[in-house]
Amino acid sequence: MLSVALRTLRVRWTGFVGSFVALALGVALLTVMGLALAATLDAPDRAPERFAAAPLVVRGADTLRVATPIGDRTQPLAEPRALPATAVAELRRLGRVTPDRSFAVRVPGGPGDLVGHPWSVAAFAPYEIVSGRAPRTADEVVVGGSWTRPGRRLRTDQGSVTVVGTVTDRGFEHAVFYTDTRAARLAPRSTQLVVDADVTAVRNAVRDVPGVRVLTGDGRRYADPDPGRDQAALTALNALFGTAGGVTGFVSVFVVASTFAFAVAQRRREFGLLRTAGATPGQLRRTVLAEALLVGVVASAAGCVLGGYGAPVLVRRTVHSGLAPAWFRIPDQARPHEWPSAWPHAWPYCAAFATGLLVALCGALAASWRAGRTGPLAALREADADNRPMTRSRWAIGTGLLLTSAVLLFLGTPGDLLHRKTYVTRPMLLITAVALLAPVAVRPLTRLLTWAPARLPGAGGLLVREHAAAAVRRTAAVAAPVLVTVALTGSLLGTTATLNAARAAEVRDRTAADFVVTPPGGDGFDAETVRALRAVPGAEVSASAGSAVYVLEDGVALIRSGARAADPAALAATARLPLAAGRTADLDDDSIIVNEEWARHTVGERVRVWLGDGTERTLRIAAVLRTGTGDNGVYVTPANAVGAAVDRVDVALRDGADPAAVAAGLRAALGERGGRVRTADRWITAVSPGTDRTTRLGLLLVLGIALLYTGISLVNTVVMATADRTRELALLRLAGATRGQALRLVGAEALTVVAVGALLGLLVAGLDLAGIAAALRLQSAPAPVRLPWPALGAAVTACALLAVTAAVVPAARTLRRGAPSPG
């Protein structure tokens, strides 16, 4: 039996090639995502940078540690503590102490990430003078790199300075070195010190100071700026590749299963002939499974090899786009040419291979089971028309998935629906359900789309309608990749656009100010600048600082909430907080404004919290904010955010004040300190979530990989379907159709099928976005649904071009060779 089936390979090789291509590419995608995900599990060992030559560094408390019944819980402090003066004095008796200071510096035309330091710490990197000399006066600086030269006068946000020297570029920062005295005025707080003394004596001197760390050896890297950036980058990449792997895994499994089922369904005539010749249902099933096993093993192996070479390409593109740090790469031992030593990195290959083989067998089994149950005469009859495209199992699974999607979409927790991982992966169930039930909609949609063409003179429109409506399985199989393409494009881009609109609306509703003033760097405004802004005639000024508040939820989870510190009276004049209970004016130094996400959020209730510098307080809840899209933090007074720098100044106009005069006064108050004065509308536009380049690129990466595969799968499926229509083309020619008419008919039918898939994809996207809109309304953040029509139009156009080309080119080759007899 198997030999008979294999001997027919010569005449049905396109089905095997199509299945092989779909499976190999699917396994390759799974391998690429698995290797990229595996590479995010370990951060590289980074050596100290700024303090590589320092004897040791004493760092003030920068971590909050809270004891719980299941162990200590930690969070990084928003405002690290400086060492107490008594401890610093004790260290000075032990040896030379050099305070470290860092602050942002802005120079028009210079690097955007300039950071200032006192000259005394330059030797600890070590930085070495390349040209010029060290700074001696307050208006002299030494810069790192070659972007400027000695003698040049620079205008900075910290005042005008003269470059008197340059030092080597160490690669990890763009440094500007001031005299120690000038640096101390620009950054009064110092949270870490370099100490040249015996390490044991230093430890003994600070052992009674809570949270202080003495850093030596490789531990000195924790004194570098953002020491956890490598681990944070890996965490972000893990989430990115995990999400991309989930999406591409679903798409590849969906397409492979659909392709194998369609390839088996194409062979109904062959199965009918074999049943007539005496083949049993079991023999048919074993034959199909043996073929699927053979194709599955070879294609999965080829996919693993292809994915092994494709993963480094993806990683390089990720690094080039800025989504990954420059050191991120796939280990050499995970490459195919290094497989003898690749076993520690082999699990992505094993998982992808096993998934591909399992999907191939399941896809073939589902279709072969139905073919084996069909009698000989019925099989021959079904070879020409799809009179039962929907089986009981397809009805049951499709309906079950549709109901499950509805429950998750409309009855799930609203806040969970707005999380990125949730809204990226949620449409998958709905896509599968609609794809399984698609044959039900094929005939009605086809007749609707071809209603007008079928009434035009000539038989072309009528033939398109009848061919597409009669071959339901073929139409549904070709429409499936289009359905996935349109549904993913509409759901992912539409969800982010809708959420961005909701967040922008929230910011707009909360802002009652006429102007917003922001500092040029990340260190905020000093007290003198804030006083100058408050003195502007006609301006009601609310200066706020970003900080954090920590709360222990359920006795075991230490949660960090973003906080803003502001004067309650000024805050009430420049902001419209989305209050669910309480009043903004009731905020004082003994209270806090929280949001509904907190476990305890009853007005008047007292809650135990830790402030941004780790100070423990018990504060009364003065008001409660609505949850919204999740960006509503907490509010405290400046007394509960000691050390937090003012990073935003909201300005409301007093009665009768001239807006132009107030704006000019604000700019004059900033002077050489630098800063930006914008109207509230321009500031809202600037901070809109849609401007987040990293999020946008990450989403496009996820979507691009999935859509590239669905595009290839569309071409593959259309070629398979067209190759199965040799008899139809022969009948058309015998009926008198010209070669051009036959090709136009094939192209028009391909366009019709693409339109069917596009409409089903729009249905999925619409239902998904309806769930998002409902969740936003429940979160008190209503926003109109935003369908990405330009992207959808581009996706449908690309699918149409691919489908028409993939249908017309094989048909033209068949007609050029001369179609065989339809008998």
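Description of the structure in this document. Computed from a predicted structure; not experimentally measured.

Direction vectors running N to C along helix α18 (residues 527–534) and helix α20 (residues 659–670) enclose 155°, while the axes themselves pass 9 Å from each other. Looking at the two axes, α18 sits roughly antiparallel to α20. Taken as a pair, α18 and α20 cross one another with a handedness that is right-handed. The segment α18 lies against α20, with T529, A532 and L533 engaging L666, A669 and L670. Classifying every residue of the contact of α18 with α20 by side-chain character gives 5 nonpolar, 1 polar and no charged.

With that settled, the discussion passes to the pattern of salt bridges. Inspection of the entire model under this criterion finds 16 salt bridges. One salt bridge connects D647 with R564, and the closest N-O pair in it is separated by 2.5 Å. One end of the pair, D647, is in strand β22 (residues 646–653); the other, R564, is in strand β16 (residues 557–565), and 83 residues separate them in sequence. D647 gets classed as partly exposed once you look at its relative accessible area, which sits at 31%. Within the structure, one salt-bridge network assembled from shared partners comprises R50, D100 and E173.

Moving on, we come to the packing of aromatic side chains. Counting across every chain of the model gives 6 aromatic pairs. Each ring, one from Y127 and one from F177, has its centre 5.1 Å from the other, and the planes form 70°; the classification is edge-to-face. Of the two residues, Y127 is situated in the loop between β6 (114–118) and β7 (129–132) and F177 in strand β11 (residues 174–178); the sequence distance between them amounts to 50 residues. The class of Y127 is buried, set by a relative accessible area of 9%. Taken together, W119, Y127, F172 and F177 form an aromatic cluster joined through their ring pairs.

What follows is about unusual backbone geometry. The omega torsion across A125 and P126 is 0°, close enough to zero to call that bond cis. Here P126 lies in the loop between β6 and β7. You will see that D554, though not glycine, has its phi angle at about 55°, which is positive. When you line up the elements, D554 lands in the loop between β15 (539–553) and β16. Under the relative-accessibility criterion, D554 is labelled exposed at 72%.

On to the sheet that holds strand β12 (residues 192–196), then. Taking strand neighbours across the sheet as the criterion, the 4 strands line up as β4-β12-β1-β13 in an open arrangement whose pairing is antiparallel. The open sheet has two free edges, formed respectively by β4 (96–100) and β13 (213–215), since each of these has just one partner strand. Put simply, the sheet's adjacent strands are angled 25° from each other on average, direction ignored. As paired strands, strand β1 (residues 57–59) and β13 are joined by 3 bridges and run antiparallel to one another. If you follow V58 over to β13, its bridge partner there is V214.

Reading the values: the criteria
Residues numbered from 1 in each chain as written. Predicted model: local features only at pLDDT ≥ 70, side-chain atom pairs only at ≥ 80, totals over all residues. Heavy atoms only, no water. Axes fitted to C-alpha atoms, helices over the stretch in contact; angles between N-to-C directions. Helix = DSSP H or I, 4+ residues; strand = E, 2+ residues; numbered from the N terminus. Parallel < 35°, antiparallel > 145°, perpendicular 65-115°, else oblique. Left-handed = near helix turned anticlockwise from the far one by under 90°. Contact = heavy atoms within 4.5 Å. Nonpolar A, V, L, I, M, F, W, Y, C, P; charged D, E, K, R; others polar. Salt bridge = Lys/Arg side-chain N within 4 Å of Asp/Glu carboxyl O. Buried < 20%, exposed > 50% of the residue type's maximum accessible area, 1.4 Å probe, protein only. Phe/Tyr/Trp six-rings, centres within 6.5 Å; stacked < 30°, edge-to-face > 60°. Pairing = 2+ DSSP bridges.

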